[in-house]
Amino acid sequence: MYEPSPDPDGMTLRPVGIIRNAIQEPFLVAGRDGIAMREGHDASMNHIQSTSRAVSELVIDAGRVGVLDGIEEYSHITVVYWGHKIPEDSRSLTHVHPMGRTDIPKVGIYATCSPARPNPVLVTVVRLHARRGNVLEVAGLDAVDGSPVIDIKPYVPAQIPGGEVRVPAWMDMLMQEVGERQA
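Residues numbered from 1 in each chain as written. Predicted model: local features only at pLDDT ≥ 70, side-chain atom pairs only at ≥ 80, totals over all residues. Heavy atoms only, no water.

1. Quick word on the layout of surface pockets
Unoccupied space between atoms shows up once a probe the size of one water molecule is rolled over them. Taken as a whole, the largest pocket holds about 1100 Å³ of empty space. Together, 43 residues line the largest pocket, and F27, C113, V123, T124 and D142 are the ones closest to its centre. Residue assignment for the lining of the largest pocket shows that the elements contributing at least two residues are α1 (41-53), β5 (76-82), β8 (121-132) and α2 (169-182). Within the lining of the largest pocket, the residues separate by chemical class into 27 nonpolar, eleven polar and five charged. Considered as a void within the structure, the second largest pocket measures approximately 160 Å³ in volume. H76, V123, T124, V125, V126, R127, A139, G140 and Y155 are the residues that line the second largest pocket. (1 Å grid on protein atoms, 1.4 Å probe; cavity = no way out; pocket = protein on both sides within 12 Å on 5 of 7 lines; lining within 4 Å. Points joined across faces, edges and corners; volume = space filled by probe spheres on them. Helix = DSSP H or I, 4+ residues; strand = E, 2+ residues; numbered from the N terminus. Nonpolar A, V, L, I, M, F, W, Y, C, P; charged D, E, K, R; others polar.)

As structure tokens, then:
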């Protein structure tokens, strides 16, 4: 069994920017016993729908502005950010009901998109609307205001594996529910 050992020369993450938007709290609440929807099912589905259209700004450190050169040629980017509002005790969860839905059996945390993870490194593909100097304007970012940006990568469809994609029935059901409300 692999057990990581402390390494004084180990990994160091440094934010390259910060997310600015109107989302003050995550719609999923993580606690010692699992995750739950903050405002109930319908409100959470509405939150997901509104987030897909909401505009956020990625404010990149002005001293790093050159790293953005050419990014405006892409329609979509992948944003890697830190779930800074995930409590430390939630990071030890091993199993959760997906999206806090008790009608769905518990699965391992890595089988979900839950933000409550050992390292709350979160990833979202978003539509890039504009670049203004060190600020990227994007739509579809489900991050909380003030979340540190760890990295940005261009979204390149050719890098996504082709062929049939398989997901569990519960994930397909959740995506259909979100899709129904986005119509």
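2. Remarks on the nonpolar core
Counting residues in hydrophobic clusters, the biggest one holds 18 residues, and the most contacted among them are L58, I77, L136, V138, L141 and I152. Secondary structure elements with two or more residues in this core: β4 (55-60), β5, β8, β9 (135-139) and β10 (148-154). With 15 residues, the next largest nonpolar core counts L93, I104, I109 and W170 among its residues. (Core = buried A, V, L, I, M, F, W, Y, C linked by side-chain atoms within 4.5 Å. Buried < 20%, exposed > 50% of the residue type's maximum accessible area, 1.4 Å probe, protein only.)

3. Looking at the environment of T94
Assignment of secondary structure puts T94 in the loop between β5 and β6 (95-96). The residues touching T94, leaving out its near neighbours within four places in the chain, are V107, G108 and I109. (Contact = heavy atoms within 4.5 Å.)

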